[in-house]
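# Tertiary structure, described
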Amino acid sequence: MTDFDDIVIGTGMAGLTVGALLANAGRRVLMLEAHDTPGGYAHTFTVGRHRFCAQVHYIFNCGEGESIDAFLSKIGVRDEVPFERLDPEGFDHIVVGRERFRVPNGLAKHEARLVRRFPEHRAAIRRYFGLVGDVGRELDAMKDLPARITPWVALRSAHRYRHVIRHMRSTLEDVYDRLRMPPLLRAVLAGQAGDYLLPPRDVSFLLHVALVWGYDKGAYYPRGHFFHLVDTIVRSIRARPGCAVLTEREVSRIEVEGGRVVGVTTKGGERFSARRYVSNVDPKRTLELAGRESFSRRDARRADYAYSSGNITVYIAVRGLDLRDHGFGSYNVWHYPHADLDRIYDDQGLRHDLSDPWLFMSTPTLHTSAPGLCPDGEQVMEIATSCDHARFSELRRRDRRAYNAEKKKVRDTILDVIQDRYVPRLRDHLAVQVTGTPATNERFCRAPHGNAYGAALTPAHVTMDRGPVRTSLDNLWMVNATAGFPSVAGTVGAGIALYEELSGDAV
Ligand SMILES: Cc1cc2nc3c(=O)[nH]c(=O)nc-3n(C[C@H](O)[C@H](O)[C@H](O)COP(=O)(O)OP(=O)(O)OC[C@H]3O[C@@H](n4cnc5c(N)ncnc54)[C@H](O)[C@@H]3O)c2cc1C
């Protein structure tokens, strides 16, 4: 088949965004997806009468005029995908030890609540929120910068972005240390750390602010669930003349001739070609698919990064109880056994000790009343925590029985914590339980090393030039969580940026 203008390899959120925008602009777009369902980490899988979104729980940038809203408007489906706002008085609840803190919308409100709880640290709290505001506003303003930053632009803009520039190399812990924050306050302010899967010692302060700032404007859940969001985008592509979204088409080779891509071949032996190619596949893998020797040294340097952490997710449905009676609702609950997040991450990631894990607990059936995830009378909860990829993938390769035993052990520990601390007799109410490891992410989402968020979100990888990439091959671009930023908002934003670069049309 050769009649395409653009081939997009992969249907993660970045791929779907750029594919849908190009299709909407009249280009003949072919999307090729390895899995049997589109969406990447945002896809939904079915187990009997239950459906679970693989990895997405809540998103930002859905308010009027924000990037996700603008994207859906541009492709003409905005009214089909309404969003529910999670509780503005506390869209995330952070539980450290025995104490619960609610993260509200409105940084001033959040600050005032923390000052009430920690009056002796009033000055540090004020300075922290002041800095978050300064950096957050500068990050917003950076969207107006031109795509190519010349030395002149950099020089002229330096004062306007001075807080961002000053903190380019800072971790969250650097900022905490400077403000002399006490341990409990550090833990509470980093309570959403699972959204970047790094402890304060390692995470880029700028990335931390981008996340806090993004969710502060509103935390959202699609009223019809994530499968409806993905299906609607896919349908919009398929409805355009000359466009197609094909699943179970794993691209095994990108063919290069004379510095250009001339076609792609799938594992099944099909060959497709187009004028232009966009890879939504991890950049390192993309280079391997085309042959590393085809790329410039600059491309090779860009593809030299450490991956973000792996994770375990337990998907359950309960019947005969209401999770609202046990501290759950239109918000997520983050559980930490104690305030030392650096140690908790090290225990789980480096020492493989998941005996007392931190937990992220999300309850999609309490975020919207729309049916579609489970039978009437049941509720769904998705629970995630961090772990090392290598241990699980090696175990799976070497000894499937040992792998399954380890998976079960971790799942049982997680259910024990929830039963002891939140939902008495939880086990008596379980209708279904499914567990995914980093090896599962690698298998079903093709995430190398089971990485949750692309390249690790340390200062070394959170750079000003992180974004969609035009490679040294004349007609090949890359866009995903690494060639862009992770999260649905981050990858949709990267897809929009690439579309605008390719088409010259603003979204
Ligand atoms: C535990 C966890 C929790 C998260 N929670 C949230 C959340 O609550 N909110 C949020 O906004 N974000 C969340 N994220 C992050 C978010 O899901 C991702 O950053 C985002 O979805 C990644 O999109 P992507 O475009 O990079 O593509 P991916 O999701 O990585 O998808 C890439 C696609 O390409 C396909 N592919 C790969 N190789 C090939 C090939 N050779 N041929 C054809 N197809 C191929 C894959 O099968 C896949 O479908 C979470 C992630 C994890 C792991």
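What you see is a predicted model, and the numbers here were worked out from it, not measured in a lab. (Residues numbered from 1 in each chain as written. Predicted model: local features only at pLDDT ≥ 70, side-chain atom pairs only at ≥ 80, totals over all residues.)

### Quick word on the overall build of the protein chain
Looking only at helices and strands, one finds 17 helices and 20 strands in the protein chain. For 507 residues, the compact-globule formula gives about 23 Å, and the C-alpha radius of gyration of the protein chain, at 22 Å, lands near that figure. With respect to the three principal axes, the spread of C-alpha positions in the protein chain is 65 × 60 × 45 Å. The burial tally for the protein chain puts 49% of its 507 residues in the buried class. Excluding contacts between residues fewer than 6 apart, the proportion of contacts in the protein chain whose partners are at least 24 apart in sequence is 73%. (Helix = DSSP H or I, 4+ residues; strand = E, 2+ residues; numbered from the N terminus. Rg over C-alpha atoms; globule rule 2.2 N^0.38 Å. Buried ≥ 20, exposed ≤ 12 C-beta atoms within 10 Å, placed from the backbone. Contact = placed C-beta atoms within 7 Å.)

### Focus on the domain arrangement of the protein chain
Per the domain assignment, the segments making up the protein chain are domain 1 (4-76 + 223-305 + 454-503), domain 2 (105-216) and domain 3 (309-448). Domain 2 puts 13 residues into the contact, and the matching count from domain 3 is 12 residues. Classifying every residue of the side of domain 2 that touches domain 3 gives eight nonpolar, three polar and two charged. (Domains from an automatic or database assignment. Nonpolar A, V, L, I, M, F, W, Y, C, P; charged D, E, K, R; others polar.)

### Some points on the sheet that holds strand β9 (residues 244-246)
Strand order in this open sheet of six strands is β9-β2-β1-β13-β20-β19, and the pairing throughout is mixed. For this open sheet the edge positions go to β9 and β19 (469-470), each flanked by a neighbour on one side alone. Pairing geometry for β19 and strand β20 (residues 476-478), over two bridges, is antiparallel. Residue pairing across strands places Val469 opposite Met478, the latter belonging to β20. Each of β2 (29-32) and β9 is contacted by helix α10 (residues 225-238), which is oriented at about 125° to β9, the strand it contacts most. (Pairing = 2+ DSSP bridges. Axes fitted to C-alpha atoms, helices over the stretch in contact; angles between N-to-C directions.)

### A look at the site of the ligand
Among the 38 residues in the neighbourhood of the ligand, the closest are listed as Gly10, Gly12, Ala14, Gly40 and Ala452. Among the secondary structure elements, those contributing two or more residues to the shell around the ligand are α1 (13-24), β14 (310-319) and α17 (488-503). Considered class by class, the residues forming the shell around the ligand number 21 nonpolar, 14 polar and three charged. In this structure, the shell around the ligand is formed jointly by two domains, domain 1 (4-76 + 223-305 + 454-503) and domain 3 (309-448), each of which donates at least three residues. (Near = placed C-beta within 6 Å.)

### Structural notes on the pairing of strand β4 (residues 50-53)
Relative to β4, strand β3 (residues 44-47) runs antiparallel, the two sharing four bridges. Considered in β4, the bridge of Val47 is made with His50. A loop of two residues connects β3 with β4, the two strands running antiparallel in sequence, and Gly48 in this loop sits at a positive phi of about 60°.

### Description of the pairing of β14
By the criterion of burial, β14 is predominantly enclosed, with nine of the 10 residues buried. Note that β14 and strand β17 (residues 378-387) share 10 bridges and pair antiparallel. Residue pairing across strands places Ala317 opposite Val380, the latter belonging to β17. In this structure, β14 lies alongside strand β18 (residues 430-436), joined through six bridges in antiparallel fashion.

### Topic: the packing of helix α4 (residues 122-141) against helix α9 (residues 205-216)
The N-to-C vectors of α4 and α9 enclose an angle of 85°; their axes lie 9 Å apart at closest approach. It follows that α4 is roughly perpendicular to α9 by the angle criterion. Residues Val132, Val135, Gly136 and Leu139 of α4 form the contact with α9, whose own contacting residues are Leu206, Val209, Ala210, Val212 and Trp213. By residue class, the composition of the contact of α4 with α9 is eight nonpolar, one polar and no charged. (Parallel < 35°, antiparallel > 145°, perpendicular 65-115°, else oblique.)

### Comments concerning the sheet that holds strand β10 (residues 251-257)
If you trace the three strands from one edge of the open sheet to the other, you get β10-β11-β12, paired in antiparallel fashion. On the outer flanks of this sheet lie β10 and β12 (271-272), each paired with one strand and no other. Bridge count between strand β11 (residues 260-266) and β12: two bridges; the pairing is antiparallel. Pairing of Val264 across the sheet is with Phe272, part of β12.

### Thoughts on helix α2 (residues 67-74)
Residues Ser67, Ile68, Phe71 and Leu72 constitute the buried set of α2. The buried side chains of α2 occupy one side of the element, clustering within an arc of 130° when seen end-on. Among the structural elements, α1 and α17 are those in contact with the buried residues of α2. (Arc of directions from axis to C-beta.)

### Overview of the environment of Gln419
Here Gln419 lies in helix α15 (residues 400-421). What makes Gln419 partly exposed here is the crowd of 15 C-beta atoms within 10 Å.

### Brief notes about the environment of Ile75
Residue placement: Ile75 occurs in the loop between α2 and β5 (83-85). Between the C-alpha atoms of Ile75 and Phe295, which are 220 residues apart in sequence, the distance is 33 Å. Residue contacts for Ile75: discarding those within four places in its chain leaves Ala20, Leu21, Asn24 and Ser236.

### Some words on the environment of Thr471
Take Thr471: it is sitting in the loop between β19 and β20. A tally of 24 C-beta atoms within 10 Å means that Thr471 is categorised as buried. On a C-alpha basis, the gap between Thr471 and Leu287 in space is 9.6 Å, while along the polypeptide they are 184 residues apart. Setting aside chain neighbours within four positions, we find Thr471 in contact with Phe295, Asp299, Leu476, Trp477 and Met478.

### Re the confidence of the model for the protein chain
Averaged over all residues, the pLDDT of the protein chain equals 96, while 99% of them reach at least 70. When pLDDT is averaged over each element of the protein chain, α1 comes out on top at 99 and helix α5 (residues 151-157) at the bottom at 75. (pLDDT = per-residue confidence, 0-100.)

### Notes on the packing of helix α3 (residues 107-117) against α4
Axis separation between α3 and α4 bottoms out at 10 Å; the angle between their running directions is 165°. Classed by the angle they form, the pair α3 and α4 counts as roughly antiparallel. Handedness of the crossing formed by α3 with α4: right-handed. Across from Leu107, Glu111, Leu114 and Val115 in α3, the residues of α4 making contact are Arg122, Ile125, Arg126, Phe129, Val132 and Gly133. Residue classes in the contact of α3 with α4 are distributed as six nonpolar, one polar and three charged. (Left-handed = near helix turned anticlockwise from the far one by under 90°.)

### Topic: unusual backbone geometry
Notably, Arg425 is not glycine yet its phi reads approximately 60°, a positive angle. Along the polypeptide, Arg425 turns up in the loop between α15 and β18. Residue class for Arg425 comes out exposed when judged on the 9 C-beta atoms lying within 10 Å of it.

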